[in-house]
Amino acid sequence: MADDHQKMDMDIDNKGEVEQKAKPVMVILVGAPGSGKSTFSEHVMGSSSRPWTRICQDTINNGKAGTKPQCLKSASIALKEGKSLFIDRCNMDKEQRSDFVKLGCGAQVDVHAVVLDLPAQLCISRSVKRTGHEGNLQGGKAAAVVNRMLQKKELPKLHEGFARIVFCHNENDVQAAIKAYSALGPLDTLPNGCFGQKNPDAKIQLGIMKFLKKAEVPSNVGSSSDTAQDSACPQASKEIDPFCKRTNKGSSLLGTAGKEVKESEDLAKGSVGADVFVEDIPTLAFPSISTADFQFNNEKASDIIVEKVKEFADKLENARLVLVDLSHGSKILSLVRAKAAKRNIDSKKFFTFVGDITQLYSQGGLHCNVIANAANWRLKPGGGGVNAAIFSAAGPALETATKERARSLLPGHAVIVPLPSDSPLYTRERVSHVIHVLGPNMNPQRPNPLDNDYTKGCSILREAYTSLFSGFLSIVRSHSKLPWKSCENLVSAPSDLKDPSRGGPKNHLTNSDQKIKRDDDCVSERSKKCKGSHNEIGADISAPSSTRGKVSGDKSKLEGATSKSWGSWAQALYQIAMHPEKHKDELLEVLDDVVVLNDLYPKAQRHLLVLARFEGLDRLADVRQENVQLLMTMHAVGLKWAEKFLHEDSSMVFRLGYHSVPSLRQLHLHVISQDFNSNHLKNKKHWNSFNTAFFRDSVDVIEEIKNHGKATIKDEDSQLSMELRCHRCRSAHPNIPRLKSHISICQAPFPHALLKNGRLVLAPKYNRSNA
DNA sequence: GTTCTAGAAC
DNA sequence: GTTCTAGAAC
């Protein structure tokens, strides 16, 4: 497997034969004496299948040290011969590198930098050994040389003209880079960008993805440029430049004060503090959803992947998506590759990669700050495939963090989990977030199979990718404009957003923006808050409105105008459903799928709520056919409690049902006694929400979902403002007090419609006498 | 969802 | 003057 990782599958978008031609690469090694530059090139050259030339200034003059012009001349000759090059000299500052970069750019080759940023002590001790055991004096000289070099150190940046920069800070990094370059066949290319840049505080580093001033970066780099994008001076690199740098603080044993001022000035252009470190390109690595264990058809899945990638490509700005599979022979990978090429998807925004999704950075040299997990509905480790691998690689930290976010997931939905800093995936692979996504299941051996219904399957798979990509975008966006200090809050705080439609201008950070970002952490919930859209059940509901593009742009505008978010006061039930353990005192019963509690403001003598414990099921409009089992469970549990109360008082009558448009988030079934004898029942809305068609009987909802896939939802404005009528004799009353005094004495039998189909729940003897 | 309260309805 | 509603704020 390790070998597989090394083969970079940048086989994106083949634009004809030009790309098939062997393309040399110039690797400018950057490092102090003793950092291992020569060893690096020797190792690669020893096992590479492409022709390499090493230009070493120490030996270029007939085995003796030569000059920079000599190196440039040799390099030029080698490039003309189609050789790939190692520029083996210290190249510690920009000026030293620039002529070589220029040479490479002129020759239309990819110019890479490999930075051997190893500890000064190590470089010094190697230098001393190399100069031949000449004692303290020589040792002292070597130390002085290394120290001087390190003082001059100016780390390379993409805007110098590098297509790719890899930083190595320890022997593992060096070995990984050697492997990557060794495996680079004549026709292969390595991903562009900055890799392995170090932060003095790892905890901070991985959480930050700074891509400031994104507004200035054209969202589609390729659209207006010529065809020279793959030259050694990629346009994208120039754009990324201001965001791919670091200060020198803490990067060597020696003070670099002068340097730091310069870097700070650079950083100031991006209006960010001088000690903020900047990561490379935000990247989402994702496995193909549902095609493995869930046996989703590869052809159909690849169509959907490409369709969704295409849809999101325009919104990605400087971020990118990578479809990952473990095997070179992957059917889905080759299908997607071919289809992506056909549809001219920008290879900078999307490509495929062969490797282990849990070791992309350490083994493949590909830094993906976000990885997607093909999760199971319980969000539990184990099973097999990607899910087992990711949970295993991430350690228990992921399981804990996931539990805090959600207990379960519905097909088509996704949930973002910020990875705790003690997870190996965070420290080793530099993954800051895992997005769990659940796709449709076509495998009859797994829970809730779709029985080969590909109409539904495709629709759910589309939703799954929409949820996934929207989630990734929300991470990128939330991390792109905020100081890193806010990021921790951003990813860990529970949803507490106000009205998304009040968000500030797109590129202007405001408080309300932050709240929206925060909410995006739970992708699957977002659009459920649009009260204006509750009849559109199967629609693309997961995309954050801010990221909806042309495909659904009109709809989003419509929704944007009428959408209403869940206020912070509306989150109580959601919090209980997600964290029942924190609300033990309030709960009557906790089961796997539901919890039961008393309504805090009961509108009758008995008034319970049966809460669904599913992420993404905010209200009745979210319920679909695959939730029938859940609805039946909720009904059964509600019924059990009603019967318990009937046992205590056989004169009671219960009704079980849902509000068409609930005020509180999280699907909840009301179990309410029909006396409506409560001081909390105070106004017309209270009454009508339980005594008009706004109240949807549980039995009817279940039938509708079974038969039509969705429940009827009655308009709240018309229903809740209806005249006040007695639920038994249907007499009208002018106001709530008068109505209440009437219902306290009305003994009329219940309307026939309510007595049918078990809508009312009565004690056996009452049932008989009224039937 | 509730609370608060201005002002309409009585 | 008191009761009740309905909209805003939370």
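Our subject is the structure listed above.
Residues numbered from 1 in each chain as written. Chains lettered and ligands numbered in written order. Predicted model: local features only at pLDDT ≥ 70, side-chain atom pairs only at ≥ 80, totals over all residues. Heavy atoms only, no water.

**Things to note about the overall build of chain A**
Link 1 in the chain: Scanning chain A from terminus to terminus reveals 27 helices and 21 strands.
Link 2 in the chain: Taken across its 771 residues, chain A has 57% of its residues classed as buried.
Link 3 in the chain: For chain A, contacts bridging at least 24 residues in sequence account for 74% of all contacts bridging at least 6.
Link 4 in the chain: Of the roughly 31100 Å² of accessible surface on chain A, 52% is carried by carbon and sulfur atoms. (Helix = DSSP H or I, 4+ residues; strand = E, 2+ residues; numbered from the N terminus. Buried < 20%, exposed > 50% of the residue type's maximum accessible area, 1.4 Å probe, protein only. Contact = heavy atoms within 4.5 Å. Areas by Shrake-Rupley, 256 points an atom, 1.4 Å probe, with all protein chains shown as cover.)

**Quick notes on the protein's contact with DNA strand B**
Link 1 in the chain: Trp569, Tyr601, Lys603, His659, Pro662, Ser663, Leu664, Lys682 and His686 make up every residue found near DNA strand B.
Link 2 in the chain: Of everything in DNA strand B that lies within 4 Å of the protein, sugar and phosphate atoms constitute 58%.
Link 3 in the chain: In the model, a phosphate oxygen of DNA strand B is placed 2.6 Å from a nitrogen or oxygen of the His686 side chain.
Link 4 in the chain: Taken together, the residues of the surface near DNA strand B break down into four nonpolar, three polar and two charged. (Near = heavy atom within 4 Å. Polar contact = N/O pair within 3.5 Å; in protein donor to acceptor, adjacent residues only side chain to side chain. Nonpolar A, V, L, I, M, F, W, Y, C, P; charged D, E, K, R; others polar.)

**Regarding the protein's contact with DNA strand C**
Link 1 in the chain: The local shell around DNA strand C consists of Trp569, Asn735, Ile736 and Pro737.
Link 2 in the chain: Backbone atoms, meaning sugar and phosphate, form 64% of the atoms of DNA strand C found within 4 Å of the protein.
Link 3 in the chain: Trp569 has a polar side-chain atom sitting 3.2 Å from a base nitrogen of DNA strand C.
Link 4 in the chain: Between DNA strand C and the protein, one listed contact pairs a phosphate oxygen with a backbone N or O atom of Ile736 at 3.3 Å.
Link 5 in the chain: In the surface near DNA strand C, the residues fall into three nonpolar, one polar and no charged.

**A short note on the packing of aromatic side chains**
Link 1 in the chain: In the structure shown here, the tally under the stated rule is 16 aromatic pairs.
Link 2 in the chain: Note on Phe40 and Phe86: the rings are 6.0 Å apart at their centroids and 80 degrees apart in plane angle, and the pair reads as edge-to-face. Of this pair, Phe40 sits in helix H2 (residues 37–47) while Phe86 sits in strand E3 (residues 84–88), and the two are 46 residues apart along the sequence. For the pair Phe40 and Phe86, one class covers both residues: buried.
Link 3 in the chain: Ring geometry for Phe312 versus Phe469: centroids 5.4 Å apart, planes at 70 degrees, classification edge-to-face. With Phe312 in helix H11 (residues 298–313) and Phe469 in helix H16 (residues 454–480), this residue pair connects regions lying 157 residues apart in the sequence. (Phe/Tyr/Trp six-rings, centres within 6.5 Å; stacked < 30°, edge-to-face > 60°.)

**What about the nonpolar core?**
Link 1 in the chain: Core analysis: the biggest nonpolar cluster contains 73 residues, and Met26, Ile28, Phe40, Tyr181 and Ile371 have the highest contact counts within it.
Link 2 in the chain: The element that contributes the greatest number of residues to this core is strand E1 (residues 25–30), accounting for six residues.
Link 3 in the chain: Counting contributing residues per domain, this core is built from domain 1 (2–6 + 22–190 + 211–269) and domain 2 (283–494), each supplying no fewer than three.
Link 4 in the chain: Those residues in contact with Phe40 that sit more than four places away from it in its chain are Leu29, Phe86, Val114, Leu116, Val174, Ala177, Ile178 and Tyr181. (Core = buried A, V, L, I, M, F, W, Y, C linked by side-chain atoms within 4.5 Å. Domains from an automatic or database assignment.)

**So, the sheet that holds E3**
Link 1 in the chain: Read across the sheet, six strands follow the order E2-E3-E1-E4-E5-E6 without closing on themselves; strand pairing throughout is parallel. Edge positions in the sheet fall to strand E2 (52–56) and strand E6 (193–195), since each of these pairs with one other strand and no more. When the angles between neighbouring strand axes are averaged without regard to direction, this sheet yields 15 degrees.
Link 2 in the chain: Two strands pair when backbone bridges link them, and E1 and E3 are joined in this way by three bridges, in the parallel orientation. Counted as the bridge partner of Ile28 is Ile87 from E3.
Link 3 in the chain: Strand contacts of helix H7 (residues 171–182): E1, E2, strand E4 (110–116) and strand E5 (164–168), with the helix running at about 145 degrees to E5, the strand carrying the most contacts. (Pairing = 2+ DSSP bridges. Axes fitted to C-alpha atoms, helices over the stretch in contact; angles between N-to-C directions.)

**Side note on the packing of H2 against H7**
Link 1 in the chain: Following both chains from N to C, one finds H2 and H7 inclined at 35 degrees, their axes separated by 8 Å at the closest point. The interaxial crossing formed by H2 with H7 has right-handed handedness. Residues Phe40, His43, Val44 and Ser47 of H2 form the contact with H7, whose own contacting residues are Val174, Ala177, Ile178, Tyr181 and Ser182.
Link 2 in the chain: Grouping the amino acids of the contact of H2 with H7 by side-chain chemistry returns six nonpolar, three polar and no charged. (Left-handed = near helix turned anticlockwise from the far one by under 90°.)

**Here we look at unusual backbone geometry**
Link 1 in the chain: The backbone of Ser290 sits at a positive phi, close to 75 degrees, despite the residue not being glycine.
Link 2 in the chain: Within the secondary structure, Ser290 is located in the loop between strand E7 (283–287) and H11.
Link 3 in the chain: Ser290 sits in the buried class, given a relative accessible area of 7%.

**Overview of helix H25 (residues 736–743)**
In an α-helix, one full turn covers 3.6 residues, which means residues spaced three or four apart are oriented alike.
Link 1 in the chain: When we look at burial in H25, the residues that qualify are Ile736, Leu739, His742 and Ile743. Down the axis of H25, the buried set is contained in an arc of 125 degrees. They therefore lie on one face. Seen from the open side of H25, the exposed residues pointing more than 90 degrees away from its buried face are Pro737 and Arg738.
Link 2 in the chain: Against helix H22 (684–691), strand E19 (724–725) and strand E20 (732–733) lie the buried residues of H25.
Link 3 in the chain: Residue Asn735 occupies the N-cap position of H25, its side-chain oxygen lying 2.9 Å from the main-chain nitrogen of Arg738. (Arc of directions from axis to C-beta.)

**A look at the side chain of Arg655**
Link 1 in the chain: Along the chain, the position of Arg655 falls in strand E16 (residues 653–659).
Link 2 in the chain: Non-local contacts of Arg655, meaning those with residues more than four positions away in its chain, are made with His670, Val671, Ile672, Gln674, Phe690, Phe695, Asp697, Leu754, Arg759 and Leu760.

**Here we look at helix H3 (residues 68–80)**
Link 1 in the chain: Here H3 is 13 residues long and its end C-alpha atoms lie 19 Å apart, about the 18 Å a rise of 1.5 Å per residue gives.
Link 2 in the chain: Considered for burial, the residues of H3 that qualify are Lys68, Cys71, Ala75, Ser76, Ala78 and Leu79. On an axial view of H3, the arc spanned by its buried residues comes to 165 degrees, and they lie on one face. Pointing more than 90 degrees away from the buried face of H3 are the exposed residues Pro69, Lys73 and Lys80.
Link 3 in the chain: Contacts from the buried residues of H3 go to E1, E2, E3 and helix H4 (94–106). (Expected span 1.5 Å × (residues − 1).)

**Focus on the pairing of strand E14 (residues 594–598)**
Link 1 in the chain: Of all the five residues making up E14, four are buried; the element is thus mostly covered by neighbouring parts of the structure.
Link 2 in the chain: Bridge count for strand E13 (residues 587–590) against E14 is three bridges, and the pairing is antiparallel. Along E14, the bridge assignment pairs Val590 with Val595.
Link 3 in the chain: In the sheet, E14 pairs with strand E15 (residues 607–612) via five bridges, with the strands oriented antiparallel. Among the inter-strand pairings, Leu597 is bridged to a residue of E15, identified as Leu609.

None of the figures reported here should be taken as evidence of function without further support.
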